[in-house]
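These are the residues of each chain, in order.
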Amino acid sequence: SSSSSSSSSEEEDLPPSLLRAVTLEMSQSGLANIERACRGPQLVASGGAQEVRFDLAALEEACELSLEVCKADFEACLICPDPWDDVAEPALLECGPGSRIRRTARLRFEVARGD
């Protein structure tokens, strides 16, 4: 498992509450929340390699977090159906070299301003 990140030099100028929200989403539990929020089946991979990439860009009074999660060469995976589909049971699939899944997301964080 590996991760990499890049960020703008402007991130030091962002409010602490905004940086706190962004770093929470960059954590393991934040990534799991993002994956669950995506429509479609969820995949739980067993074995193999995982790479996580982040890109944080400071915008005027906001920031944008782009992320990519790649899982590869896993031995097996459990596919949990989309909660909105009629399929009720997860399916276990045997996998192997060359197996791969890639998910990407882009989140925009802004500080709410009072009137």
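Scroll up for the structure.
Here's a quick rundown of the structure.

Calculation criteria
Residues numbered from 1 in each chain as written. Predicted model: local features only at pLDDT ≥ 70, side-chain atom pairs only at ≥ 80, totals over all residues. Heavy atoms only, no water. Pairing = 2+ DSSP bridges. Helix = DSSP H or I, 4+ residues; strand = E, 2+ residues; numbered from the N terminus. Buried < 20%, exposed > 50% of the residue type's maximum accessible area, 1.4 Å probe, protein only. Patch = residues over 30% accessible without salt bridge, like charges linked within 9 Å, V, L, I, M, F, W, Y side chains within 5 Å. Areas by Shrake-Rupley, 256 points an atom, 1.4 Å probe, with all protein chains shown as cover. Salt bridge = Lys/Arg side-chain N within 4 Å of Asp/Glu carboxyl O. 1 Å grid on protein atoms, 1.4 Å probe; cavity = no way out; pocket = protein on both sides within 12 Å on 5 of 7 lines; lining within 4 Å. Points joined across faces, edges and corners; volume = space filled by probe spheres on them. Contact = heavy atoms within 4.5 Å. Polar contact = N/O pair within 3.5 Å; in protein donor to acceptor, adjacent residues only side chain to side chain.

This part takes up the pairing of strand 3 (residues 49-59). Consecutive side chains of a regular strand alternate in pointing toward one face of the sheet and then the other. Relative to strand 4 (residues 62-72), strand 3 is paired through 11 bridges, and the arrangement is antiparallel. The residue of strand 4 that forms the bridge with Leu56 is Leu65.

A positive phi angle, near 55°, is found at Asp73, a position not held by glycine. As for its position among the elements, Asp73 is in the loop between strand 4 and strand 5 (76-80). You can call Asp73 partly exposed: its relative accessible area is 45%.

Turning our eyes to something else, we now look at a nonpolar patch on the surface. Side chains of Val44, Leu78 and Leu92 sit close together on the surface and give an oily, nonpolar patch of about 260 Å² of accessible area. Looking at the element boundaries, Leu78 is found in strand 5.

Take the layout of surface pockets next. Within this model, the largest pocket holds a volume of roughly 420 Å³. If you trace the largest pocket, you find 20 residues lining it, with Leu31, Ala32, Glu35, Val69 and Lys71 closest to the centre.

The next thing to look at is the environment of Arg106. With respect to the helices and strands, Arg106 occurs in strand 7 (residues 100-110). Among the residues examined, Arg106 registers a relative accessible area of 61% and is labelled exposed. Residues Arg106 and Ser66, spaced 40 residues apart in sequence, show a C-alpha to C-alpha distance of 4.4 Å. Excluding its chain neighbours within four sequence positions, the residues that come into contact with Arg106 are Glu64, Leu65 and Ser66. At 3.5 Å, the side chain of Arg106 and the side chain of Ser66 are in polar contact.

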